[in-house]
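# Understanding the architecture of this molecule
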Amino acid sequence: MEDTGTLFGWAFGDPARQRDDSYMAGLQKEALNNATETARAKGVLVIEGSEVFTALSAEDTLVELDHAPGKLVVRCTVRVEGPGAAKLHAEGPMNG
């Protein structure tokens, strides 16, 4: 069985632009790039096509976003593979 796990990547933006599809696509790309960089730093690879995006804004969630720049957060969850990947789990707000 392949050694797999999960990681998060993040991007922060302006909640006033949340309905702008091209702006959100840019944040999704940034979040995926962040997840890819995190995977690379941990010595694993992102499984292509595994990305799932979630957008959170202070206006429409109960999640505390006081410390998020811009108060719009795009999270990208990816599956990763490679040595030690099974020990990586995206849980809550952290990569553990």
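As shown above, the structure is provided for reference.
So, here's what we can say about the structure. What you see is a predicted model, and the numbers here were worked out from it, not measured in a lab. (Residues numbered from 1 in each chain as written. Predicted model: local features only at pLDDT ≥ 70, side-chain atom pairs only at ≥ 80, totals over all residues. Heavy atoms only, no water.)

Another aspect to go through is the overall build of the protein. Counting its regular elements, the protein contains one helix and six strands. Each helix and strand of the protein, placed in order from N terminus to C terminus, yields the pattern β-α-β-β-β-β-β. Buried residues in the protein amount to 33% of all 96 residues. Within the protein, counting contacts between residues at least 6 apart in sequence, those at least 24 apart form 73% of the total. Of the roughly 6000 Å² that the protein leaves accessible, carbon and sulfur atoms contribute 53%. (Helix = DSSP H or I, 4+ residues; strand = E, 2+ residues; numbered from the N terminus. Buried < 20%, exposed > 50% of the residue type's maximum accessible area, 1.4 Å probe, protein only. Contact = heavy atoms within 4.5 Å. Areas by Shrake-Rupley, 256 points an atom, 1.4 Å probe, with all protein chains shown as cover.)

Now for the pattern of salt bridges. Per the stated rule, a full pass over the model turns up one salt bridge. Between aspartate 20 and arginine 17 there is a salt bridge, and its shortest N-O distance comes to 3.5 Å. Residue class for arginine 17 comes out partly exposed when judged on its relative accessible area of 37%. (Salt bridge = Lys/Arg side-chain N within 4 Å of Asp/Glu carboxyl O.)

It is worth spelling out the pairing of strand β1 (residues 4-13) at this point. Where burial is concerned, most of β1 is hidden: seven out of the 10 residues are buried. Bridge analysis of β1 against strand β4 (residues 72-81) gives 10 bridges, and the strand direction is antiparallel. Note on β4: the bridge partner recorded for threonine 4 is glutamate 81. (Pairing = 2+ DSSP bridges.)

Let us now look at the nonpolar core. It is characteristic of soluble globular proteins that their nonpolar side chains tend to be buried jointly. By size, the foremost hydrophobic cluster in this structure holds 16 residues, and its most contacted members are Leu7, Met24, Leu27, Val44, Val74, Val78 and Val80. Counting only elements with at least two residues in this core, the list comes to β1, α1 (21-41) and β4. (Core = buried A, V, L, I, M, F, W, Y, C linked by side-chain atoms within 4.5 Å.)

Moving on: the environment of histidine 89. The topology assignment puts histidine 89 in the loop between β4 and β5 (90-91). Take histidine 89: its relative accessible area is 36%, and that puts it in the partly exposed class. Each C-alpha atom, one on histidine 89 and one on phenylalanine 8, is 8.7 Å from the other, the two residues being 81 residues apart in sequence.

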